[in-house]
Amino acid sequence: MDLDKLKHLLWQGRGLWITTPVIAMFIILIRFAGLLQSWEWGVFDQYMRWRPQEAQDQRIVIVGIDETDLDNLKQATISDRILAKLLNKLKARQPRAIGLDVYRNLPLPPGTSELEQVFKSTSNLVGIQKVVGDRKNETVDPPPVLKSLGQVGANDLIIDADNKVRRGLMYVNTETGETVYSFSLHLALHYLEKEGITASKDFRLGKTKFIPFESYDGGYVRADARGYQILINYRGKSNSFQTVSMTDILEDKLPANWGRDSIIFIGYIGESFRDSFFTPHSSGLLSLPEPMSGVEIHANLTSQIISAAIEERSLFRTWSEPVEWLWILLWSGVGATLTWKLRLQNLLTLQRIISAVLAGGALLGSTYVAFLSGLWLPVVPAFLALTGAVIAITAYIARTAGDIRKVFGRYLTDEVVANLLESPEGLKLGGERRKITIFTSDLRGFTATSERLQPEEVVKILNFYLECMADEITKYQGTIDEFMGDGILVLFGAPTAREDDATRAVACGVAMQLAMVKVNAQMKEWGLPPLEMGIGINTGVVVVGNIGSEKRTKYGIVGSQVNLTYRIEGYTTGGEIIISESTFHEVESVVIIASQTQVTPKGVKEPINVYKIAGIIGEYNLFLSEHQEELCTLPEPIPIKYVLVDGKDIGNSSYQGILVRLSIHEAEISLANKEIQALPSYLCNIKLNLLTPNNSGETEDMYAKVLEKPAKIGDFCIRFTAKPPAIITKFNTLIDHINSQNIP
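Sequence order as written defines the numbering, with residues in each chain counted from 1. Totals for whole chains, interfaces and linings use every residue, but because this is a predicted model, local features are given only for residues with pLDDT of at least 70 and side-chain atom pairs only at 80 or more, for both listing and counting. Just so you know, side-chain values use all the structure's heavy atoms and leave hydrogens and water out.

Caption draft 1: Inspection of the side chain of Glu569 at higher detail. Inspection of the secondary structure puts Glu569 in helix H18 (residues 560-570). For Glu569, the contacting residues outside a window of four places in its chain are Thr440, Ser441, Asp442, Arg444, Gly534, Ile535 and Gly536. Helix and strand assignments come from DSSP, with helices taken as H or I runs of at least 4 residues and strands as E runs of at least 2, each series counted from the N terminus. Any two residues whose heavy atoms approach within 4.5 Å are treated as being in contact.

Below is the structure:
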């Protein structure tokens, strides 16, 4: 690939290359701010609940103490004697370890000495102390006897901001710098010792190394990672371990081998003891949160340590932050790329929907499968990156489409653009029959004028003229179908039909003629001759729609009524508006008619009535300025010759005549041979030339239209549509001289 192609590719896909990293960086920043932490915890919890329920770990059992046990004892608390009796009965069952998750920092007589004796004689017994606390009363000292024997573990639980326990301690350091193993680890080590497994300095147990939790692991942001923490891999919701009551133990209701070679936890499970906590398994979409007792949380952590050491059960692990950033960048790229690839399709196409579902499903599916193996991947940031990239690229495409619409709108009206881009049928080839009002306008004699100007100057004039006219057309909700040089084709009733299409067309015509004042003021400023415009309006049934091929299409109209409109416009002189009879019937109640005449346009068999508009009343209330030119009688008639002009064709027959009367825009011509020459028909076009020019400039062509205006027998009146500058100067000088002679 050469450099130019690479540059083109990069430029073409600039939205993709820019959006992907920007969205990823934005998501990473809001994640770093901690705004996504609770959402990521929520997904972690949901994945935990979605996992298949694991079988009970038979190596761990729980002796739960609840309100019923205290009722049976007829006591408000468990005395030292009852606790000593319980421990002796459990000790007799030969467990590998006994975990006493009951505070005994102070004696509860009677039976204190008996309990101390049990503490001293039970080497596999582990008591608890609360180590962590910001204030002194948040810590609880251990049983003194067990402390002296080194048989105490910290039972502190780490509660996240949403009041759930997701992390557990392997050890914790006291304020004095002493390292205290956790209650769960103490018991696990007792069990593993019998398996010949001991902990190394880097906390490798068996084949498993326990990696300490860090502040930014998983979905955590700036978490307190003091001590040696790990994420708890719960076996399931509450009651995942075999639990018996204290009464069952005291009354010997269990089988003789119950608890043998296992770890026995003792702890409170009743609600009134307030020793329960929320975990990832506590919440459900349709259920109330169900807390888990503290002793069962410790049992889960102990089970996790043993299972990892013996069976290599997965521990939760996470990627480093840079790798997680790349993961987020990847999904930002996926969203951006998919949207970009499908940018040419409609927003809600089946392929777009399927692609979005597959992308989201791939993200959730891959992260869930990874979670089952113990890998906690960023789900929420990746999903937001995916969604954000989709939204950003969609917005970019929409903005690009808006730019295209804006550029497109320079060639078509907003209505046509909307119809083409937004309607399902908008781009299909073909059309429909519809009654509309067709509007054409053309500058009189501009072609001849433009031949004497530089091309750049012609373009400047046209741009200014068309801009002024387009403003008026848009104001009256016309659809500009085409600019043809200095001509304009406008549709009223397509693509959107309205009841007042014909009325708006006539009002627009009057407004455009009035706007020529602004145009000619600019022409004067540029030192150029004024412009005149003629307008023809017709109403009829045409075929309107997309015309062309799949490669190139034009929104337009087809039908004989279009040709008729052009013919009608051809009858106009500068400043005139002529409408057809069909249009007149639509607007009869609101228009002011200056004159009516019959014409037989080319292609029409019978004569038709056409109407010259003077103004429109009612809502629009617009009127053309009335200007009657007075012809001056020439002291010396000027001989001329003329030929008839049919469309763009100039006739072969030449006729002679003389200019007998003259004004700025009009003239009266007398036939040279009235006996054999026929008068030209009304509204036809002629080309004139002076027979006795004084200089080369006066040899240039003039153009005019024959007027339906009274004249002497053998004479006819014309209105000039184009005069060369030399002729304009000659005639203006002559008129000024005549007018000066007539001043009394």
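Caption draft 2: Expanded view of helix H17 (residues 501-525). For a helix, the expected span equals 1.5 Å multiplied by the residue count minus one. End to end, H17 covers 36 Å across 25 residues, agreeing with the expected 36 Å (1.5 Å per residue, within 8%). In terms of burial, H17 is a largely internal element, 19 of the 25 residues being buried. Burial here depends on accessible area, computed with a 1.4 Å probe over protein chains only, as a share of the maximum for the residue type. Under 20% is buried, over 50% is exposed, and the range in between is partly exposed.

Caption draft 3: Helix H16 (residues 455-475), seen in detail. The end-to-end C-alpha distance of H16 is 30 Å, a good match for the 30 Å that 21 residues give at a rise of 1.5 Å each. Every buried residue of H16 is accounted for by Val458, Ile461, Leu462, Phe464, Tyr465, Leu466, Cys468, Met469, Ala470, Glu472 and Ile473. Gln477 sits one or two positions beyond H16 and adopts a positive phi of about 60 degrees.

Caption draft 4: Broad picture of a nonpolar patch on the surface. Where nonpolar side chains cluster on the molecular surface, the patch consists of Trp17, Ile18 and Val22 and spans about 320 Å² of accessible area. Structurally, the position occupied by Trp17 is in helix H2 (residues 14-32). Note on patches: the residues involved have over 30% relative accessible area and no salt bridge, like charges join within 9 Å, and the nonpolar side chains Val, Leu, Ile, Met, Phe, Trp and Tyr join within 5 Å. Here the open area of atoms and residues is found with the Shrake-Rupley method and a 1.4 Å probe, where only the protein chains shown may cover a residue. Salt bridges are defined as contacts in which a side-chain nitrogen from Lys or Arg sits within 4 Å of a carboxyl oxygen from Asp or Glu.

Caption draft 5: Structural detail: the packing of helix H11 (residues 321-341) against helix H12 (residues 350-372). H12 packs onto H11 with a crossing angle of 165 degrees between their chain directions and a minimal axis gap of 10 Å. Relative to H12, the element H11 lies roughly antiparallel. Between H11 and H12 lies a crossing of right-handed hand. Contacts between H11 and H12 involve Trp327, Trp331, Val334, Leu338 and Thr339 on the former and, on the latter, Arg352, Ser355, Ala359, Ala362, Leu363, Ser366 and Thr367. Classifying every residue of the contact of H11 with H12 by side-chain character gives 7 nonpolar, 4 polar and 1 charged. Axis definition: a line fit to C-alpha positions, over the contact stretch in the case of helices; interaxial angles, taken between N-to-C directions, run 0 to 180 degrees. Here the word oblique covers every angle except those under 35 degrees (roughly parallel), over 145 (roughly antiparallel) and from 65 to 115 (roughly perpendicular). Left-handed describes a crossing whose near helix is turned anticlockwise from the far helix through less than a right angle; right-handed describes the clockwise counterpart. Polarity classes work like this: nonpolar for Ala, Val, Leu, Ile, Met, Phe, Trp, Tyr, Cys and Pro, charged for Asp, Glu, Lys and Arg, and polar for all others, with Gly in that last group.

Caption draft 6: Broad picture of the pairing of strand E21 (residues 608-616). Most of E21 is tucked away: 8 of the 9 residues are buried. Of the strand pairs in this sheet, strand E19 (residues 577-580) and E21 are connected by 3 bridges, and their pairing is antiparallel. Residue pairing for E21: Ile578 is matched across the bridge by Lys612. Strand direction decides the pairing type here: strand E20 (residues 591-599) and E21, joined by 8 bridges, are antiparallel. Counted as the bridge partner of Ser595 is Lys612 from E21. Strand pairing is defined by DSSP finding a minimum of two bridges between the two strands. Across 2 bridges, the pairing between E21 and strand E22 (residues 622-623) is antiparallel. The partner of Gly615 across the bridge, within E22, is Phe623. The hairpin formed by E21 and E22 contains 5 residues between the paired strands, and Gly618 there has a positive phi angle of roughly 80 degrees.

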